[in-house]
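This is what each chain is made of:
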Amino acid sequence: NAGVTQTPKFQVLKTGQSMTLQCAQDMNHEYMSWYRQDPGMGLRLIHYSVGAGITDQGEVPNGYNVSRSTTEDFPLRLLSAAPSQTSVYFCASTVRGTGGYTFGSGTRLTVV
Amino acid sequence: AQRVTQPEKLLSVFKGAPVELKCNYSYSGSPELFWYVQYSRQRLQLLLRHISRESIKGFTADLNKGETSFHLKKPFAQEEDSAMYYCALSWTGFQKLVFGTGTRLLVSP
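1. A few points about the state of the cysteines
Here a disulfide denotes one covalent bond, and it connects the sulfur atoms of two cysteines.
Residues and elements named next belong to chain A.
Point 1. Applying the stated criterion across every chain yields a total of two disulfides over all chains.
Point 2. Across the disulfide from Cys 23 sits Cys 91; the S-S distance is 1.9 Å. Its S-S torsion of approximately -75 degrees makes the covalent link between Cys 23 and Cys 91 left-handed. Taken as a pair, Cys 23 in strand E3 (residues 19-25) and Cys 91 in strand E9 (residues 87-94) lie far apart in primary sequence, 68 residues in all.

2. Observations concerning the sheet that holds E3 of chain A
Residue and element names in this part refer to chain A.
Point 1. In space, the four strands of this open sheet follow the order E1-E3-E8-E7, with antiparallel pairing throughout. Strands at the two margins of the open sheet, each flanked by one partner only, are strand E1 (4-7) and strand E7 (64-66). Averaged over all neighbouring strand pairs, the angle between strand axes comes to 20 degrees, with direction disregarded.
Point 2. Both E3 and strand E8 (residues 76-78) contribute to a ladder of three bridges, which runs antiparallel. Bridge pairing in E8 links Met 19 to Leu 78.

3. Section: the pattern of salt bridges
Point 1. Inspection of the entire model under this criterion finds five salt bridges over all chains.
Point 2. The closest approach of N and O atoms between Arg 44 of chain A and Asp 38 of chain A, which form a salt bridge, is 2.9 Å.
Point 3. You can call Arg 44 of chain A buried: its relative accessible area is 18%.
Point 4. On the accessibility criterion, Asp 38 of chain A (10% relative accessible area) is buried.
Point 5. Residue Lys 74 of chain B is joined to Asp 81 of chain B by a salt bridge in which the shortest nitrogen-to-oxygen separation is 2.8 Å. As far as burial versus exposure is concerned, Lys 74 of chain B and Asp 81 of chain B are alike and both buried.
Point 6. Several salt bridges converge on common partners, so that one network encompasses Arg 36, Asp 38 and Arg 44 of chain A.

Parameters at a glance
Residues numbered from 1 in each chain as written. Chains lettered and ligands numbered in written order. Predicted model: local features only at pLDDT ≥ 70, side-chain atom pairs only at ≥ 80, totals over all residues. Heavy atoms only, no water. Disulfide = S-S within 2.5 Å. Helix = DSSP H or I, 4+ residues; strand = E, 2+ residues; numbered from the N terminus. Pairing = 2+ DSSP bridges. Axes fitted to C-alpha atoms, helices over the stretch in contact; angles between N-to-C directions. Salt bridge = Lys/Arg side-chain N within 4 Å of Asp/Glu carboxyl O. Buried < 20%, exposed > 50% of the residue type's maximum accessible area, 1.4 Å probe, protein only.

Right, here's the structure in full:
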């Protein structure tokens, strides 16, 4: 199993550009989440999903969209990038009812 | 609202010294607590969870509902324990995980 795979690993965007961060897992996990990691602020939940077709907002959802058309994939879309979205983004997944999330390796995004 | 507090940004100890990483939480129901670790240039990984009451790499953590704490302890620190440690809170269903701000542990020789 590859686990949780995130692409790209690094990305530089200009303010106003859009992009999609990809996340895929091959463990048949029902739950998937997106976090952003910023110095001194820990990991903050952006959006999460408890199954295909079901998504909900986390702590910091503004500026981000998600969809979950399949169990395996959970892409995160930045519609109009802003410098405040410069961060490291982590995708994670878990089996329903366990809580032990498996994390991807992260995407380091810089918005200039 | 659910909240996790890790009061120390940095904890620096010498090899062989005891370690205690503090974690306090705020949740009115029955919490599920976790510790995650992130070694340099690696992804976050689950270290332990309170419901399994296990010891991983010599670390233990006890849930104290009266003090709403879940401190991580190790009697003798090793240099390879140097990493970022995050306490995390979940609740019934485990749909969401709320993290603290993290504590960097530095173990010096």
